[in-house]
Structure formats: C-alpha cells, structure tokens
Amino acid sequence: MTEPERKTDIGPPHYGQFLHPVIKANYGKWKYHEIIEPGVLMHVSETGDKLYSVRVGSGRLVSTDFVREACDLADKYSQGHFRFTSRHNMEFFLTDLSQLPALKADLAAKGWPIGGTGHSVTSIVHTQGWVHCHTPAIDASGIVKAVMDDLFEYFGKHDLPAQVRIALACCLNMCGAVHCSDIAICGVHRTPPKILHDKLRHLCEIPTTIASCPTGAIRPHPDKSLKSVIVNEERCMYCGNCYTMCPAMPCFDAEKGGVAILVGGKVSNSKTPPAFSRLAIPWIPNNPPRWPETVAAIRKILTKYAEGANKWERVGEWIERIGWERFFEVCDIPFTFQHIDDYKFQAYDTYRTSMHFKF
Amino acid sequence: MHKTPLLDQLESGPWPSFVKDLKRVAARKPQTADLLGVLERSYKDKITHWKHGGIVGVLGYGSGIIGRYTDLPDEFPGVEHFHTIRVNHPSAWMYTTKALRELCDIWDEHGSSVLNMHGSTGDIIFLGTRTEELEPCFAKLTAKGWDLGGSGSAFRSPSCCVGPARCEWAMYDTLEACYELTQEFQFDLHRPSYPYKYKLKLSGCPNDCVAAVARADCSVIGVWKDDIRIDQSAVQAYAGGELKPRGGATKWDKLDIQKDVVELCPTQCMSWDGKTLKINNRECNHCMHCINLMPQALRPGTERGAAFLLGSHAPILEGAQMSWVIVPFFEMEKPFDYLKELMTNIAEWWSEHGKNRERVGELILRLGMRSLLEAIGVEPAPQQVRIPRANPFFFWHQSDFDAEAKGRRYDTRQGFVR
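Here the structure is a predicted model, which is why all the values come from computation and not from measurement.

## Some details on the overall build of chain B
Of regular secondary structure, chain B possesses 16 helices and 18 strands. If you line up chain B on its principal axes, its C-alpha atoms span 75 × 65 × 40 Å. Taking contacts inside chain B between residues at least 6 apart in sequence as the whole, the part at least 24 apart equals 63%. Summing over all exposed atoms, chain B offers an accessible surface of approximately 16,800 Å²; the carbon and sulfur share of this is 52%. In chain B, the 50 positive side-chain charges and the 53 negative ones have mean positions that sit 3 Å from each other.

Here's what the structure looks like:
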C-alpha cells in the first residue's frame, strides 16, 4: 500500500462555494442598503432581489458547541450559510422577512444579542489575554465581557452621535490593533524586565536581545563570565519587546501592570482622515474578574461623548472640536506627565505651538 | 472540573459569556477543564501562566502553528502543550454549515474544541492542542480543503471586507483579490523568509471595514475616479424625511441636506438649493460622508480601482504607523498582476535592506521614501503626501540632474512628462 500524497500549499477554499444563493445571484449588483432596525440590514440589488442580514454579537472566544449551534440556526433560517464580520459578529441571511420574529425568538432563547449596526457600540475587537498569550499585562475576554455587559444598552440601539468602535489589546504589542479605535483598552506593564542571569545564557541570543530594545537600554553585562545583559532601567518604557526575544527577561508585575485607555482613533475616511487613538488614562488597576474601574472609566467617556458630540461626530472629532483640555475636564481625568509624548520622532508633532487653547 | 469562583462571576450579565460556553466543553474534555483552571489561576495571580512557545509545526512549514506551554504543567497536565493552529479563513468569512461542522469535527477530535472566530489577522484560530496532534490535524484539514495561515516573519493570511458579495460600495472584487493573492503567495505564507511579518488587507471603499490602513503593511483601498452618481428624486426623499438618514443607522428621522451633508463635506464641493444637489466632482476627496448618509441617492462613480498604501503596524518598535499612499490609483482586475508585482518588488527591497524584525514601514523611515519609490519604479505624486516638507534639507541625485537636462517636468494630473 502506498501512502496517500501529503497535500500542502493548497490555500483556503475558494469563497465561491460558500456564498448564499442570493449573494451568488447578486454578486456585484447591490444597489443600496437600509438598516430596517438595529442589527437587521436589508440589501437591495439591481435585480430587485433583497437580502436581510441579521447581525448577532459573539464572544470571539467560542467553542465548537457554539459554532454548531450557530450552524443549526443557519440551517433553519439561512439556507445553510452565514458569515462572521471583521468585528467577530455573526450574520445570518434571510430572504423572507416574515422569518425574522422566529429567528429573534430562537436567538433570545440562547441569549445571543442582535445589534452592532449603525450608531451603536458593536463587538469589541480583542486579543487572547490570559487564556493563551505569553506577554499579556491583562486578560482580554474577561474585560471585554465586563465592558459589553455594562454597555449592552448601546449594542442593540442606534442612540449615539456616530458609531463607536472599541478594541482591546492585552499588551503593548497591540495584536488587537487598538491604535485606531474610538475607545482603546490597552494592557500596560510598568516595570523593567527582571533579568534571570542563570537562565539567560541558555535561552537567549545576546546581540538580538540588545537589538530588540527600541530605546537602547540593554547592554552586555560587564561581567563577561555571566554571559548576560543589564538594563538601564531609566530608559526602559516596559514594551516587553526584549521578553519576546529573550524569555529570561520577564517584565510582569501583578500589582503594577494595568489598563491604559486611549481614545479618538478611527480608520474610516468619512469627513476626517483616519486617526490614531490618543492617551486618555495612563493607568487603571488590573482588577479581575470584572475590572470595575475600567468599566466605569469607559462608561464615563462614552456618556460624556454621547452628551457632548454633534450629529455624525466620532469620538475623536468631538474631542478635536472641544479641545483636549476640555475633554480631560468633562471626563474628570487628571492630566499627567504620561500624557505628554516623549517617544522618538512622533513626540514633537504633539506639542502645542498656537495660542488656540482654552481655560 | 476545577473550582473557578472568579471566572464564575463572568457567567452573569447580558453579553454572551465565554465562561459558560467553555464550561460545556470542560465537562467532557480534561484539557479544556485544565484551560479554565489555568485561567482561574491567572485571575487570582493577575499574571499570565503561558510560557514562550518552542519551535513546533507541521512538516515542511515554518508557520501556521504557535507553540504554547503552561508554566504549571504539574497542576494542569491537560495544557502542558497547548499550541495554536491558524487555519486560513475563506474570503470575507463566509461559510456553509457543512464546512463549519467539518472544521468542528476535526477540532473536537484533535484539540481543545476552543477556537476564535476569528483571530486578529483573520484566520480561524484553533486554540490549544498537543504536539503529536498537529500532523494528524493538518492532514484532516487539507483533506477537507483547508490550509494553515501565516505566522512569524512570513506573509500573513490576507483578509478582505464583504465587498461585492453584499455591499454596493465595493470598488473592486475584494473577495477574489484576497483569494488570488493568498494563492499567489502560498510559499511565503508557509515558509517565513521576510525580515518580519508582512500583512495584506483589502477594503472595497474608503470606509475601510477591515481597517486596512491601520492593520496591514500592504493596504489596498477601493476608490473611484469619476463622478458620484446622483438620484435627485431620492435626494428629495431624504430631504422630505421619506428616506431615513444613513439608511436608518441613526436615531434621527430626517436629514437636513444643507447642515448634515453640504456643510460637513470636507472639501465644500457640494451645494443644495432646496431642490437640486450639485457636486463639483473634481474637488471631491472621496471621503464617503455624503454617500454614507444617503445610500439611495448617491452612489460612487463607475471608473473604479484602488489605491495602494504601505507601512502600517502597531506601536512596536518605532511607534504605531498608518499606511502611506504609494500608488493613488490602479485598476484592480483579475488576475491582479500589478498588485502581485508591486508586493513582490516591495518585499525584495525590504528583504535586501531590512534588519531582523524591522517592518517595511520602519525601513521606509530609516532609508527614506525615495529609496522605496525608486526601487519599485513608482514616480512621486502629490497624493502621496499630506503636506510637503518644511525644511530645506533635501537630497539631489545625479539622476535628477540628468532628468533636468532632458527637460523632465511634473504635471499634477498627468504625472511626469518626459
């Protein structure tokens, strides 16, 4: 008997075989859409066909049981097809709106929420945290759950001045790409790496470890017999990049690690260009299992934005208009040394050179 | 099952609970029970209990598997090995239930039954299995038509927005481009050979639903060149309140065309006299605001293509960057040869000059934009910059003097005229 040939480099399946029949028939022919109620989109084709997409929140971290349950619903309502969105929501496709009440009832029975469209807070893009990652300062799924429980009223309604996109990254690597989000939750370390000299020589390449430091804070250890490194702690800003290269340099601290909140970023080009999120709160204690201080800080920023923003203004556009000094005032956030950028070439672009400020 | 008093507090509340979900699996799988045990310990210790990954993978591939081990293997033997498998997702994350059930069968048999739909790069993430399960799992995946995604210093699995499959604003076929480019770069996806990660995301319009400008080294964003198509009777319907603003995405019933649309246009290229909406399309900068607000009245033009932007990455190392416009417009038709060539040329320049773990956007900062543009044969254009430099410290090359002698000049619409 011969071994079956080992398949490699076949790439993902072609999407064509996964398209819902109405999507296949109207591919590239869509004319316009409406959101007939929060979470329910209607797309109308040049051919007159209509497709209703029902958007449902999900936790991103799921089990095969969960996926199978979603499949059961898709078989019942969606001709065996459904999709996930770029923000971890699910979308079921209806061709007949009269099925909506039954689908809603089935979703409600599972506790799966409908929403995440238009001027809502939609699902939080996030990373792995303590469930799988080796560098996190904070958990991911737990904070997301706590924040979404608190902001739940905003998921199924279009009550905000514009859409609000929240993202979480459990360390400064920002795998969750939180750097362009309306509200960004970022795990931060606040202590320099502790060097395990007896392990370093066995685990790490010294030149790559030194080269990994963006501020040049790592040097060879003066005692050459140690075959290790030393850190100029005053230059370290706790990015953890050395730890990624060298496991003998952990920078975790259970009490000093915590949450930073950045605000005002976006990726869309609508009205204003894409923008980075900027530091609002440099540190909040890491407080599992429900992170009450983080949850409260986000609610405060969101509600002040909802009260203060003009129609169509994203969080960053609102802050630009009122000024950052006013933002810190209305959100009751103290302004600290940490808010003033001192990191490389980006810093000098952020200092004020005009008399256009408020008291 | 381990006692998890802290995690149990995340079972209540209206948002779907991952703890409840994972507990179902933990009841039948010791390794998933141990996963919850380790997670509970992290909630108590406020520190991660995962170690650095070792080198694990499937035969012939250098990517797709992330090695992961717990630092508490004696207490939680089920997660002594707990490696991630990245499964390359289909374009726009569309599935049949048959395909998804097959994936679930494979993962129930060979892993923890825990997964991410989806990870940050876009892959399906199979979260947690033992080293000896990797090859059998891979064999079952490929038998059903699935392959691994990228990891490490490789080409990463590209992802795209919903595109023409279900969106009226797609300026090119994002799904086909995503599939085609994924196939084109299979070798580089599975065998890390770049200085660092190299990502590609494809958005169909400037709304950028996959955050290409922020999350991918190579960002392809759809755009049109000609006039926005206007249905004046639909504009009237928005003005009169028969059609709702933004297709009903807001709490407002009626659009004020002057205040909400005309006065918020960033280039002030629109006017409204109460009857007719006029757009000076030459001055439109394609922001999408007016189209977003009135999807039944305004539609992008029909001369369609994409812009190519390059360089974005998260803050490590030099601080976060967004992608910069390199080619303001090109046609995006199958087989997407121009894009393939462009990405290949960029990777060559970067591989030649880049340091270990230096993203392509950081290399541009170090060597200068001109170095890149000359290497890939792209001419300078005003669309590439937000604003020209304010300092007088610019270089001249012999090639500039030669071109000058030959009478080269730049036309803002035609580019270089030789």
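There is more to say, and it comes next.
## With respect to the overall build of chain A
Of regular secondary structure, chain A possesses 11 helices and 12 strands. Principal-axis analysis of the C-alpha atoms places the extent of chain A at approximately 80 × 75 × 35 Å. Relative to its 359 residues, chain A shows a buried fraction of 58%. Across chain A, the fraction of contacts at a sequence separation of at least 24, relative to all contacts at a separation of at least 6, is 64%. Summed over all atoms, the accessible surface of chain A reaches about 14,500 Å², with 55% contributed by carbon and sulfur.

## Notes on the pattern of salt bridges
Throughout the structure, instances matching the rule amount to 48 salt bridges over all chains. Among the salt bridges present, the one from A:Lys110 reaches A:Glu69, with a minimum N-O distance of 2.8 Å. In this pair, A:Lys110 is assigned in helix H3 (residues 100-110) and A:Glu69 in helix H2 (residues 64-77), connecting sequence segments 41 residues apart. Residue class for A:Glu69 comes out buried when judged on its relative accessible area of 17%. Between B:Glu11 and B:Lys23 there is a salt bridge, with its nearest N and O atoms 2.8 Å apart. Of this pair, B:Glu11 sits in the loop between helix H1 (5-8) and helix H2 (18-26) while B:Lys23 sits in helix H2, and the two are 12 residues apart along the sequence.

## Brief notes about the interface of chain B and chain A
Residue-level contacts link 129 residues of chain B with 120 residues of chain A. Note on chain B versus chain A: buried area summed over both sides is about 11,000 Å², and carbon and sulfur give 58% of it. For A:Lys311, the salt bridge goes to B:Asp260, with nearest N and O atoms at 3.2 Å. The interface formed by chain B and chain A holds 75 residue pairs in polar contact (both at pLDDT 80 or more) in total. Of the residues contributing to the side of chain B that touches chain A, the split by class is 66 nonpolar, 37 polar and 26 charged.

## Quick notes on a nonpolar patch on the surface
Together, A:Phe335, A:Ile340, A:Phe345, A:Tyr348, A:Tyr351 and B:Leu365 make up an exposed nonpolar region whose accessible area comes to about 650 Å². Along the chain, A:Phe335 falls in the segment after helix H11 (324-330).

## Overview of the packing of aromatic side chains
With the rule as written, the count across this model stands at 33 aromatic pairs over all chains. Seen from their ring centres, A:Phe327 and A:Phe328 are 5.4 Å apart, and the 70° between their planes marks the pair as edge-to-face. Classification of A:Phe327 by relative accessible area gives buried; the value is 0%. Grouped by ring-pair contacts, the aromatic residues A:Phe18, A:Phe82, A:Phe84, A:Phe92, B:Tyr95 and B:Trp146 constitute a single cluster. Residue placement shows A:Lys110 over the ring face of A:Trp112; its charged tip is 5.4 Å from the ring centre.

## Here we look at the pairing of strand S9 (residues 200-203) of chain B
All names here are of chain B. Residues of S9 alternate between two faces, with Leu200 and Leu202 on one and Lys201 and Ser203 on the opposite face, all of them buried. The pairing of strand S8 (residues 159-160) with S9 spans 2 bridges and is parallel. Bridge pairing in S9 places Ser159 opposite Lys201. The pairing of S9 with strand S10 (residues 218-224) spans 4 bridges and is parallel. In the sheet register, Leu202 faces S10, and the bridge partner there is Val220.

## Notes on the state of the cysteines
All names here are of chain A. Inspection of the entire model under this criterion finds 1 disulfide over all chains. Disulfide pairing places Cys204 opposite Cys246 at an S-S distance of 2.1 Å. Every disulfide takes its handedness from the sign of the S-S torsion; for Cys204 and Cys246 that torsion is 75°, giving right-handed. Of this pair, Cys204 sits in the loop between helix H6 (197-203) and helix H7 (206-211) while Cys246 sits in the loop between helix H8 (241-245) and strand S11 (258-263), placing them 42 residues apart in sequence. In this pair, the class of Cys204 matches that of Cys246, namely buried.

## As for the sheet that holds strand S8 (residues 183-188) of chain A
Residue and element names in this part refer to chain A. Spatially, 4 strands are ordered S7-S8-S11-S12 in an open sheet, and the strand pairing comes out mixed. A single partner strand is all that each edge strand has here, and the edge strands are strand S7 (166-169) and strand S12 (278-285). Adjacent strand axes in the sheet meet at a mean angle of 20° when their direction is disregarded.

## Describing the side chain of B:Glu180
Residue and element names in this part refer to chain B. Assignment of secondary structure puts Glu180 in helix H7 (residues 174-184). You can call Glu180 buried: its relative accessible area is 17%. Within the structure, the side chain of Glu180 is placed 2.9 Å from the side chain of Lys340, a separation counted as a polar contact. The contact partners of Glu180, leaving out residues within four places of it in the chain, are Lys334, Pro335, Phe336 and Lys340.

## Concerning the environment of B:Asn280
Residues and elements named next belong to chain B. Positionally, Asn280 belongs in the loop between strand S13 (277-279) and helix H12 (289-293). By relative accessible area, Asn280 is classed as partly exposed at 41%. Each C-alpha atom, one on Asn280 and one on Met270, is 6.3 Å from the other, the two residues being 10 residues apart in sequence.

## Some points on the sheet that holds S8(B)
Strand pairing in a sheet is mediated by backbone hydrogen bonds. Such pairs are either parallel or antiparallel. Residues and elements named next belong to chain B. Taken in spatial order, the 5 strands line up as S8-S9-S10-S15-S16 in an open sheet, and their pairing is mixed. At either end of the open sheet lies a strand with only one pairing partner, and these are S8 and strand S16 (324-330). Against the sheet, helix H15 (residues 369-376) makes contact with strand S15 (304-310) and S16, and its axis sits at roughly 30° relative to S16, the strand it touches most.

## Let's talk about the packing of H2(A) against H3(A)
All names here are of chain A. Between H2 and H3, the shortest axis-to-axis distance is 11 Å and the interhelical angle comes to 170°. Of the possible angle classes, the one that applies to H2 and H3 is roughly antiparallel. Seen from H2, the contacting residues are Glu69, Leu73, Lys76 and Tyr77; seen from H3, they are Ala102, Leu103, Asp106, Leu107 and Lys110. In the contact of H2 with H3, the residues fall into 5 nonpolar, no polar and 4 charged.

What counts and how
Residues numbered from 1 in each chain as written. Chains lettered and ligands numbered in written order. Predicted model: local features only at pLDDT ≥ 70, side-chain atom pairs only at ≥ 80, totals over all residues. Heavy atoms only, no water. Helix = DSSP H or I, 4+ residues; strand = E, 2+ residues; numbered from the N terminus. Contact = heavy atoms within 4.5 Å. Areas by Shrake-Rupley, 256 points an atom, 1.4 Å probe, with all protein chains shown as cover. Lys, Arg positive; Asp, Glu negative; His and termini not counted. Charge placed at Lys NZ, Arg CZ, Asp CG, Glu CD. Buried < 20%, exposed > 50% of the residue type's maximum accessible area, 1.4 Å probe, protein only. Salt bridge = Lys/Arg side-chain N within 4 Å of Asp/Glu carboxyl O. Buried area = accessible area lost by both parts, 1.4 Å probe. Polar contact = N/O pair within 3.5 Å; in protein donor to acceptor, adjacent residues only side chain to side chain. Nonpolar A, V, L, I, M, F, W, Y, C, P; charged D, E, K, R; others polar. Patch = residues over 30% accessible without salt bridge, like charges linked within 9 Å, V, L, I, M, F, W, Y side chains within 5 Å. Phe/Tyr/Trp six-rings, centres within 6.5 Å; stacked < 30°, edge-to-face > 60°. Lys NZ or Arg CZ within 6 Å of the ring centre and 35° of its normal. Pairing = 2+ DSSP bridges. Disulfide = S-S within 2.5 Å. Axes fitted to C-alpha atoms, helices over the stretch in contact; angles between N-to-C directions. Parallel < 35°, antiparallel > 145°, perpendicular 65-115°, else oblique.

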